[in-house]
Amino acid sequence: MATMESLIGLVNRIQRACTALGDYGGGDTAFSSLWDALPSVAVVGGQSSGKSSVLESIVGRDFLPRGSGIVTRRPLVLQLHQIDGGQEYAEFSHIPRRKFTDFAMVRKEIQDETDRLTGKAKQISPVPIHLSIYSPHVVNLTLIDLPGLTKVAVEGQPESVVQDIEDMVRSYVEKPNCIILAISPANQDIATSDAIKLAREVDPSGERTFGVLTKLDLMDKGTNALDVLEGRSYRLQHPWVGIVNRSQADINKNVNIVDARRNEREYFATSPDYAHLASKMGSEYLAKLLSNHLESFIRARIPSITSLINKNIDELESEMDHLGRPIGVDAGAQLYTILELCRAFDRVFKEHLDGGRPGGDRIYGVFDNQLPAALRKLPLDRHLSLQNVKKIVSEADGYQPHLIAPEQGYRRLIDGALRYFRGPAEASVDAVHFVLKELVRRSIGETQELRRFPTLQAEIAAAAGEALERFREESKKTVVRLVDMESSYLTVEFFRRLPQEMEMGGNPNPRLPRETERGGNSATRLPRGETEKGGIPPASNVDQYTMDRYSEGHFRRIGSNVSSYVGMVSDTLRNTIPKAVVYCQVREAKLSLLNHFYTQIGKKEGKQLGQLLDEDPALMERRQQCAKRLELYKAARDEIDSVSWAR
């Protein structure tokens, strides 16, 4: 069967661990609070209600700061540990290796630690101070001393301090695992008690509230507090307990707590009003009552605490897997980690290209939409206009007009037209380059393992960018070469057909023979014999031939022939440019995007590798918090498992 010491000690150990990790309940939503799930006893009362005297009486020592105004400005988690014998001593969690045997020094340390966090301006803070007292004269019990409720801010305090204190106290007592120790002075109307008012709001049934009535000895003569103590004025599920504290005169006379306890017992035993309740009155009885109830309360809550701990362990382990485990410190482990991270990025990048993730289809869009549209917008109509064809052909002829077909004119027209194709070809390279750069950026962001390392992300992005630039330059050279190859060697078969079309009776103009057959001017008609013998036409026919050769129809035919040839080349380039781009850019990106980076990484020293694995500080802090919290929950689970519970 679990002992009271093991149960309360268990909660004490977990509470101390919680505070060390910054978990003291409240508004921290980053993690589920284990503190909030632990049973505790919160001491609530207004200023001058005798709250401090009750605590000192339970402990049997003077150790709390005293003074006017708000003295308790931080929660004090007071953990009492009963020992078999030996000297009493106290320990603070913020200086765990120091034992205090002088309780006047304990009081000073509480004051100093309060001022350290809140300053001397009487500010308040929700961060608790943990004080453990080991003594043979105490019961195993944990109490949380909260700042006294007040109605007026004293000098040096903000006006909001009244509400701030109430909010802090409420944040403790509204938790279903909190036992409320409501301290009220007997010499005031119970209806005006700040502690009872707040307890009624958060615990209307009174199941979690223990009422304590102090200053019974200071009531007006002829009056008593039996209506309250016997539950007639305000009924709770648990009995009221009356306390007689040391008076200010006793404190001034240095009356110790042991004598004060004896005086308290004598008061109740000899009081005509309270003698029948004497066995259930006094600070010693209150301590035992709270200890027994807290032990039962803890026992009842253990299953739910265990369930919460197991749930949080699962969540934290899952998050730790997501955040990534800590990396090794030696160069070999760091290099292995970097290469694994690069491979993870490479997998995501290839998934984008191969269709496993979106984005790769945009490359096909460049070839299927952008390239054809750019080819259609080429200014070939202007280049092959009648005026420009005349100009280029005439310039190509020079002083000697062409005899049959203007070959040099054709070459210049075709070469000029094909130069326009360089723009769309290079634009296709650039468009694919930008798609690949965007896929690199997205892949880095989507690689979960890389999120921890912003420096490595930047290095991979830079290395991939440099590689893509190299691929782009090679791709541009290749597509421009394709265009230049079309200019450097024209398809002969296409142009061999042109003289055949022009040879119609020796006249490249097909209209001339038809005019002759219809019977034109006799001066232009060929003699039959010479025609049949293939002789040279008369001079008048040569003039007509020269005139027709430079007619608009002739130049239009040249422009039409060039346009047909350029169209054939356009269809070819429309198919070959995508192949060159994919081969030089997409294929290379899949095969060797980070090859140069791998070479450079292999040459780096351990310190340089460590700099690449310099994580985001926020992520490192989050992992450390998760690791500490996980350690806390596992330790708490082990603590619970080590106790044999009574069924």
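Bear in mind the structure is a predicted one, so any value in this text is a computation, not a measurement. Along each chain, numbering runs from 1 in the same order as the chain's sequence is written. Residue-level local features of this predicted model are given only where pLDDT is at least 70; pairs of side-chain atoms are given and counted only at 80 or more, and the full residue set underlies all totals for whole chains, interfaces and linings. Only heavy atoms go into the side-chain values, all of them from the structure, while hydrogens and water stay out.

Novice: Help me understand the side chain of H130 in this model?
Specialist: Secondary structure elements follow DSSP: runs of H or I of four or more residues count as helices, runs of E of two or more count as strands, with numbering from the N terminus. The residue H130 is located in strand β5 (residues 129-135) in this model. When a residue's accessible area, from a 1.4 Å probe over protein chains only, is under 20% of the maximum for its type it is buried; when over 50% it is exposed; and in between it is partly exposed. For H130, a relative accessible area of 1% corresponds to the buried category. Two residues qualify as a contact provided that any one of their heavy atoms is within 4.5 Å of a heavy atom in the partner residue. In contact with H130, not counting residues within four places along its chain, are Q15, R16, T19, W35, V77, Q79, E91, F92 and S93.

Novice: It is not clear to me how the pairing of strand β8 (residues 209-214) should be interpreted in this structure. Could you clarify?
Specialist: Successive side chains on a regular strand alternate, one facing one side of the sheet and the next facing the other. Of all the 6 residues making up β8, 6 are buried; the element is thus mostly covered by neighbouring parts of the structure. The criterion for strand pairing is that DSSP finds at least two bridges linking the strands in question. Across 6 bridges, strand β7 (residues 178-185) lies against β8 in parallel orientation. In the sheet register, P185 faces β8, and the bridge partner there is T214. On the question of chirality, the crossover connecting β7 to the parallel β8 by way of helix α5 (residues 194-202) is right-handed. Classification remark: right-handed applies to a crossover when, strands pointing away from the viewer, the course from the first strand over the helix to the second runs clockwise.

Novice: How should I be thinking about the packing of aromatic side chains in this particular structure?
Specialist: Aromatic ring pairs are reported here in terms of the distance separating the ring centres and the angle at which the planes meet. Each Phe, Tyr or Trp ring (for Trp, its six-membered ring) is paired with any other whose centre lies within 6.5 Å, and the angle between the two planes then decides the class: stacked below 30 degrees, edge-to-face above 60, tilted in between. A complete count under the given rule lists 6 aromatic pairs for this structure. Relative to Y134, the ring of Y89 lies with its centre 4.7 Å away and its plane at 15 degrees, an arrangement referred to as stacked. Residue Y89 is found in strand β3 (residues 89-92), and its partner Y134 is found in strand β5; the two are separated by 45 residues along the sequence. Considered together, Y89 and Y134 belong to a single accessibility category, that of buried residues. Centroid distance F268 to Y274: 6.2 Å. Interplanar angle 65 degrees. Geometry classified as edge-to-face. Of the residues examined, Y274 reaches a relative accessible area of 2% and is grouped as buried. Connected via pairs of aromatic rings, a cluster forms that spans Y267, F268 and Y274. A positively charged side chain is recorded as over a ring if its NZ (Lys) or CZ (Arg) lies within 6 Å of the ring centre. The angle to the ring normal must also be within 35 degrees. Here the basic side chain of K99 rests over the ring of Y89, its NZ or CZ set 4.5 Å away from the ring centre. A cation sits over an aromatic face here: R301 above F297, 4.0 Å from the ring centre.

Novice: Just checking my understanding: could you explain the environment of G211 for this structure?
Specialist: Summarising the element assignment, G211 is placed in strand β8. For the pair formed by G211 and G242, sequence separation is 31 residues and the distance between their alpha carbons is 8.7 Å. Not counting residues up to four positions away in its chain, the partners in contact with G211 are A182, L236, P239, W240 and V241.

Novice: Whenever I open this one, the sheet that holds strand β4 (residues 95-100) confuses me. Can you help?
Specialist: To summarise the sheet geometry, strands pair through backbone hydrogen bonds and adopt either a parallel or an antiparallel arrangement. Strand order across the open sheet formed by 9 strands is β4-β3-β5-β2-β6-β1-β7-β8-β9, with mixed pairing between neighbours. Strands at the two margins of the open sheet, each flanked by one partner only, are β4 and β9 (241-242). Pairing geometry for strand β2 (residues 76-82) and strand β6 (residues 141-145), over 5 bridges, is antiparallel. Residue V77 lies in a different strand from β6, and its bridge partner there is I144. Whenever a helix is involved, its axis is fitted only over the stretch in contact; in every case the axis is a line through C-alpha atoms, and angles between N-to-C directions fall within 0 to 180 degrees. Docked against the sheet, helix α2 (residues 51-59) engages β1 (40-45), β2, β5, β6, β7 and β8, running at close to 160 degrees with respect to β6.

Novice: So what exactly am I meant to see when it comes to the pattern of salt bridges here?
Specialist: Pairing between side chains of opposite charge can happen when their charged atoms approach one another. Whenever Lys or Arg places a side-chain nitrogen within 4 Å of a carboxyl oxygen from Asp or Glu, that contact is recorded as a salt bridge. Summed over the entire model, instances satisfying the criterion amount to 34 salt bridges. Residues D354 and K590 are paired through a salt bridge, measuring 2.9 Å at the closest nitrogen-oxygen approach. One end of the pair, D354, is in helix α10 (residues 331-354); the other, K590, is in helix α21 (residues 552-592), and 236 residues separate them in sequence. Under the relative-accessibility criterion, K590 is labelled partly exposed at 29%. Across the salt bridge formed by R419 and D415, the nearest N and O atoms sit 2.5 Å from each other. With R419 and D415 both in helix α14 (residues 407-419) and 4 residues apart, the pair spans about one turn of that helix. For R419, a relative accessible area of 47% corresponds to the partly exposed category. On the basis of relative accessible area, D415 is assigned to the partly exposed category, the value being 29%. A network of salt bridges, in which partner residues are shared, links E166, R170, K197 and E201.

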